[in-house]
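Listed here are the chains, written in short residue letters.
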Amino acid sequence: MISASDLTPAELAALLHFHADAGVDWLLEEQPVDRFAEFEAMRAARQGARAAQPRAEAPAPAPRSQPERRQAARPAASPAAAPPRAAPAIPDEQAVEQARFAAESARSLSELKTAIEAFNGCNLKNSARSTIFASGTPEGRIMVIGPMPSADDDREGAPFAGRAGQLLDRMLAAIGLQRDAILLANVIPWRPPGNRAPSPPEIEICRPFIERQIALAEPKAILLLGNFTARHFFGSIETIHGLRGQWREISILGRTVPAIASLHPQELLTAPINKRLAWSDLLAFKNYIDAEILG
C-alpha cells in the first residue's frame, strides 16, 4: 500500500483530482470501520451457513450401456448466456407528465419542496445524497439560479455551498444583497454522478420543478449563473461569454421575467481573470433592482 507521505505534492494532487473526476466525494467514513474484522465476520457467517446445510447422499450410479458412455464422453454444449435484465424504469414521457402534475399541484414553495422530495421519476435522485431545493426568501422578489448541485451542495443539502457559495456571498454583498434576503435555487435538484452534465430527458423531467419555483416566488429580476443555466432559460447554444451581461425576458408559465446571465462562482475560482466580467454583470443587476425593485 502506498502512503500519502511517499507521494510528492504533484502526485498527491493528481491522485485527488483523479478521485474527484471519478465522483469520489469522501475518502474517509464518518466513523472508523474495521474492514478486516468485517471481512472475517462475513467469511465466518458463510462458512457457518454452508456447514448447517444437510448433505444428501448421492445414489450409486446405475451401469450405463456403451452408447450412453460414448454420449457422456462428448463435451456438453454450453447453454447460451441469458441476457441481462434491465432495471425497470419510468418512460421519459411519463416521468415528465408526472413531474408536471406534481409541480402544478403545489400551491406554495413548501408544498413544492415536499412534492420534489417525494418524486422518484428521475434517475438522478438514485445517486444523489440530497434533494436541493430553493433557500432564502421570495419576499425580496429577487432570484439567483445556478445549474445543478455541486458535491458541496449535495453534502450540505443547500444550493451554493462550499467555496463557490462563499464567493457568491461576497459577490452579493458587494452590491448590497444578502443570501437570506433573496431566493437561491438550482435548475436541477439532484447532483448528477461525477458532476456530469444532465441528459436531455433528465433536464425535461426537472424543468417543471424549477419553472414552478419561479412562478410561486414571483421574482421581479433573476440572475442566472453559469453556461448551463443561461442556455436552459435563453434557449441558446452560445457560451456564457456570449450570453452574459444582456437583459432578456424569459417566459415562465405564461409570465415574463427579466433575467441577466453571468459567470458561475465556480468558474471564477477556476479563472479569476474573469471576475472583472462578473463584476460588470453584477453592477448591471444592481442598477436594475435599484431602479425597478428597491426604487
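The model shown is predicted, which means the values in this text are computed figures rather than measured ones.

Caption draft 1: Summary view of helix α9 (residues 200–217). The terminal C-alpha atoms of α9 lie 26 Å apart, and with 18 residues this matches the ideal 26 Å at 1.5 Å per residue to within 8%. The largest bend in α9 amounts to roughly 35° and is located at C206, with the proline P208 lying one to four residues further along. Those residues of α9 lying buried are E202, I203, I205, C206, P208, F209, I210, E211, R212, Q213, I214 and A217. Positive backbone phi, at 50°, marks E218, one or two positions downstream of α9.

Caption draft 2: Inspection of the state of the cysteines at higher detail. A complete count under the given rule lists zero disulfides for this structure. In this structure C122 is a free cysteine whose sulfur lies 4.1 Å from that of C206, the closest cysteine sulfur available. Judged by its relative accessible area of 1%, C122 is buried.

Caption draft 3: Seen up close, the side chain of R212. Structurally, the position occupied by R212 is in helix α9. In this structure R212 touches A103, E104, A106, R107, L112 and L253, once residues within four positions along its chain are discounted.

Caption draft 4: Spatial organisation of the nonpolar core. Counting residues in each nonpolar core, the largest one holds 66 residues, and the members touching the most others are I145, W190, F209, I222, F233 and F285. It is α9 that contributes the most residues to this core, seven residues altogether. F209 has contacts with A99, A102, A103, L112, I116, F119 and W190, leaving out every residue within four places of it along the chain.

Caption draft 5: Spotlight on the pattern of salt bridges. Summed over all chains, the structure comprises seven salt bridges. R196 is the partner of E202 in a salt bridge, and the nearest nitrogen-oxygen pair spans 2.9 Å. Residue E202 is classed as buried on the basis of its relative accessible area, which comes to 5%. Given the relative accessible area of 32%, R196 is considered partly exposed. Put simply, D281 and R244 hold a salt bridge, and the shortest N to O gap is 2.7 Å.

Scoring rules and cut-offs
Residues numbered from 1 in each chain as written. Predicted model: local features only at pLDDT ≥ 70, side-chain atom pairs only at ≥ 80, totals over all residues. Heavy atoms only, no water. Helix = DSSP H or I, 4+ residues; strand = E, 2+ residues; numbered from the N terminus. Expected span 1.5 Å × (residues − 1). Bend = angle between axes of the 7 residues up to and from the residue. Buried < 20%, exposed > 50% of the residue type's maximum accessible area, 1.4 Å probe, protein only. Disulfide = S-S within 2.5 Å. Contact = heavy atoms within 4.5 Å. Core = buried A, V, L, I, M, F, W, Y, C linked by side-chain atoms within 4.5 Å. Salt bridge = Lys/Arg side-chain N within 4 Å of Asp/Glu carboxyl O.

In short, the description is geometric, and any link to function would need to be established separately.
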